[in-house]
Amino acid sequence: MSKLNVDQKNICALLGDKKSDFIIPDYQRPYAWGKEECETLWEDIYEFAIPEGSADKFNKKDEYYLGSIVTFKNDDEVNEVIDGQQRLTTLILLLRAFYDNFKDAKEEGMIAIRNSIENCIWGTTEFRTIDKDSIKINSDVATDADRLDFIDILKNGECDNVDSKSNYNENFKFFKEKIAKLSVRSLEATKFITPRILNNCVVISIESDSSEKKSFCSGCKSNFICCTLFSLTFISL
């Protein structure tokens, strides 16, 4: 029986910690979220962070629950993602798109946002500078032929194959277009939505001491523990 460590974390705590290092293991399915899921995520986050289209109506004490992330720390001290890889990957793509929007920021608040995003996507050197070759989430899924697109996007802000139709590239471009349109419509909303994603959007982080790779769930074609822990998530709430 696996021992579980269950904790609620905001996105900044989940990804921004210097020990945050995730791998999508080879027994997981490829990245499958498309435009429909991204549209739903975007609309839900926007309505939460900018209620009724006004950044001023936001309650700083409010939180938005994004689901559960189930991990297992492997022998290399890397967090294998047992469940939640689709939303975790998509959140990283969303943050990478926002980073591009803030990369040339001069205003103090926007620089702080950019720095927070950097800590969620990349590791640091021993001199505490951002190392864009050290991404915080990687994929070992052998059947995911497009996973290199994901790495290209995180490292360089675009795919080597700019015409790639992979879910990674299509979703990244979708978020960039949404952010660009939002920037034209409301600079204030663009400024405030990102810290509210980082600080007020939360997940239930569930850490297991065992991956139980051999126990698969026939319903989701994934690790059996993911279904058990998914149920536990709602009990914990």
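Residues numbered from 1 in each chain as written. Predicted model: local features only at pLDDT ≥ 70, side-chain atom pairs only at ≥ 80, totals over all residues. Heavy atoms only, no water.

1. A look at the side chain of T89
Turning to step 1, where the next piece is worked out: Tracing the backbone shows T89 in helix α3 (residues 85–102).
Turning to step 2, where the next piece is worked out: From its side chain, T89 meets the backbone oxygen of Q85 in a polar contact 2.8 Å long. (Helix = DSSP H or I, 4+ residues; strand = E, 2+ residues; numbered from the N terminus. Polar contact = N/O pair within 3.5 Å; in protein donor to acceptor, adjacent residues only side chain to side chain.)

2. Considerations on the sheet that holds strand β1 (residues 4–10)
Turning to step 1, where the next piece is worked out: With mixed pairing, six strands are arranged side by side in an open sheet as β1-β8-β3-β4-β2-β7. The open sheet has two free edges, formed respectively by β1 and β7 (137–139), since each of these has just one partner strand. Along the sheet, successive strands turn relative to each other by an average axial angle of 35°, direction set aside.
Turning to step 2, where the next piece is worked out: Sheet analysis places strand β3 (residues 64–73) next to strand β8 (residues 201–208), joined by seven bridges and oriented parallel. Following the sheet pairing, Y64 is matched in β8 by C201. (Pairing = 2+ DSSP bridges. Axes fitted to C-alpha atoms, helices over the stretch in contact; angles between N-to-C directions.)

3. Quick word on the confidence of the model for the protein chain
Turning to step 1, where the next piece is worked out: Looking at the protein chain as a whole, its pLDDT mean stands at 88, while 87% of the residues score no less than 70.
Turning to step 2, where the next piece is worked out: Per-residue pLDDT, averaged within each element of the protein chain, yields its smallest value for strand β9 (residues 216–217) (40) and its largest for helix α2 (residues 35–49) (98).
Turning to step 3, where the next piece is worked out: Of the regions scoring below 50 in pLDDT, residues 213–226 engages in 32 contacts with residues more than four places distant in sequence or in other chains.
Turning to step 4, where the next piece is worked out: Under a pLDDT of 50 for its full length, residues 228–237 has, in the predicted model, 13 contacts with residues more than four places off or in other chains. (pLDDT = per-residue confidence, 0-100. Contact = heavy atoms within 4.5 Å.)

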